[in-house]
Amino acid sequence: ADQTITADQPATSYSCSASSAGGSAGPVTVTVKRDATPPTVTYSGDAGTYTVDQTVTIACVAADALSGVASSTCASNSLAAVPAYTLAAVPAYTLALGAHTLSASANDNAGNTGTGTASFTVSVTPSSLCNLTTQFVDGSANYRRLSASRQAAVDKLASAACQEFATIAAKLRPDQKAVLVAVYKVVVAALLPTGWLSKAQATALPNLAGSL
């Protein structure tokens, strides 16, 4: 009997045979798999918005239920600021401020193509910039050499400074905020030669402060 296959299906066997007065032939069996559905490309872990003191971890997964994934670009997602990375624990401050879009495609073994995207935004706020500064200081060799009690004292001062910085910055006029940012940049410059910040950190922080 003729067969018409109009829906996706896994490997399915079809057999036929014939017989007559002269004898019989078969059965002959063929296996048909139909996959007209594109593979899926999905992103997980995207928070949508990140401040500079946070970490971005977004996973890309390509899947196909029938013929299987032949290839995908999930592993080569890239942004202009950081080429060719897979967004596994990427510090948000290393990315450009503003909107970002990740996109990937996948091909299955039946020749279908599917795509997926994920979008997120990186922003800087007074509190997140202060938190990032504290993270850098706490990760320095100077900080690690301190006793536990002195580390706690430094953390307490930094926390108080962050809260004050965020409160004041929110109430200031643009010209007043510019003065505050200028003072912050002076402080950052002073932390570099004393070993509390690395050169890269001391460069990144003033640039972020200029965007407040």
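Structure shown above.
1. A word on the overall build of the chain
The helix and strand inventory of the chain stands at five helices and ten strands. Projected onto its principal axes, the C-alpha coordinates of the chain cover approximately 105 × 40 × 25 Å. Counting across all 212 residues of the chain, residues that qualify as buried make up 31%. Sequence separation of at least 24 residues holds for 61% of the intrachain contacts in the chain that already meet a minimum separation of 6. Accessible surface, the chain: about 12100 Å² in total, of which carbon and sulfur atoms supply 56%. Computing the positive centroid from 11 side-chain charges and the negative centroid from 11, the chain places the two 20 Å apart.

2. A closer look at the packing of aromatic side chains
Enumeration over the complete set of coordinates arrives at two aromatic pairs. When the centroid spacing of 5.7 Å and the interplanar angle of 90 degrees are considered together, the rings of Tyr50 and Phe120 count as edge-to-face. Residue Tyr50 is found in strand β4 (residues 49-51), and its partner Phe120 is found in strand β10 (residues 113-123); the two are separated by 70 residues along the sequence. The same class applies to Tyr50 and to Phe120, which are both buried. Ring geometry for Tyr93 and Phe136: centres 5.1 Å apart, planes at 80 degrees, overall edge-to-face. In this pair, Tyr93 sits in the loop between β8 (90-91) and β9 (98-108) while Phe136 sits in helix α1 (residues 126-138), placing the two residues 43 residues apart along the sequence. Note on Phe136: relative accessible area 8%, which makes it buried.

3. Observations regarding the environment of Ser24
Structurally, the position occupied by Ser24 is in strand β2 (residues 23-34). Judged by relative accessible area, which is 65%, Ser24 ranks as exposed. Linking Ser24 and Tyr43, residues 19 residues apart in sequence, is a C-alpha distance of 56 Å. Ser24 has contacts with Ala18 and Ser19, leaving out every residue within four places of it along the chain.

4. Looking at helix α3 (residues 148-171)
The terminal C-alpha atoms of α3, which comprises 24 residues, lie 35 Å apart, in line with the 34 Å expected from a rise of 1.5 Å per residue. For α3, the full list of buried residues reads Gln151, Ala158, Cys162, Phe165 and Ala169. For α3, the elements touching its buried residues are α1, α2 (141-145) and α4 (174-191).

5. Some words on the side chain of Thr51
Assignment of secondary structure puts Thr51 in strand β4. A polar atom in the side chain of Thr51 sits 2.5 Å from the side chain of Asp53. Ignoring any residue separated from it by four or fewer positions in sequence, one finds Thr51 in contact with Ala92, Ser123, Thr125 and Ser128.

6. Examining the packing of α1 against helix α5 (residues 199-209)
α5 packs onto α1 with a crossing angle of 175 degrees between their chain directions and a minimal axis gap of 11 Å. When the axes of α1 and α5 are compared, the pair comes out roughly antiparallel. Between α1 and α5, the contacting residues are Leu129, Leu132, Thr133 and Phe136 on the first element and Gln201, Leu205, Leu208 and Ala209 on the second. Among the residues making up the contact of α1 with α5, the classes are represented as six nonpolar, two polar and no charged.

7. Remarks on unusual backbone geometry
A cis geometry characterises the amide bond from Gly26 onward to Pro27, with omega recorded as 0 degrees. In this structure, Pro27 sits in strand β2.

8. Remarks on α1
A rise of 1.5 Å per residue sets the reference length of α1, with its 13 residues, at 18 Å; its end C-alpha atoms lie 18 Å apart and thus fit the reference within 8%. Residues Pro126, Ser128, Leu129, Cys130, Leu132, Thr133, Thr134, Phe136 and Val137 constitute the buried set of α1.

Rules of the game
Residues numbered from 1 in each chain as written. Predicted model: local features only at pLDDT ≥ 70, side-chain atom pairs only at ≥ 80, totals over all residues. Heavy atoms only, no water. Helix = DSSP H or I, 4+ residues; strand = E, 2+ residues; numbered from the N terminus. Buried < 20%, exposed > 50% of the residue type's maximum accessible area, 1.4 Å probe, protein only. Contact = heavy atoms within 4.5 Å. Areas by Shrake-Rupley, 256 points an atom, 1.4 Å probe, with all protein chains shown as cover. Lys, Arg positive; Asp, Glu negative; His and termini not counted. Charge placed at Lys NZ, Arg CZ, Asp CG, Glu CD. Phe/Tyr/Trp six-rings, centres within 6.5 Å; stacked < 30°, edge-to-face > 60°. Expected span 1.5 Å × (residues − 1). Polar contact = N/O pair within 3.5 Å; in protein donor to acceptor, adjacent residues only side chain to side chain. Axes fitted to C-alpha atoms, helices over the stretch in contact; angles between N-to-C directions. Parallel < 35°, antiparallel > 145°, perpendicular 65-115°, else oblique. Nonpolar A, V, L, I, M, F, W, Y, C, P; charged D, E, K, R; others polar.

All we've got here are geometric facts, nothing functional implied.
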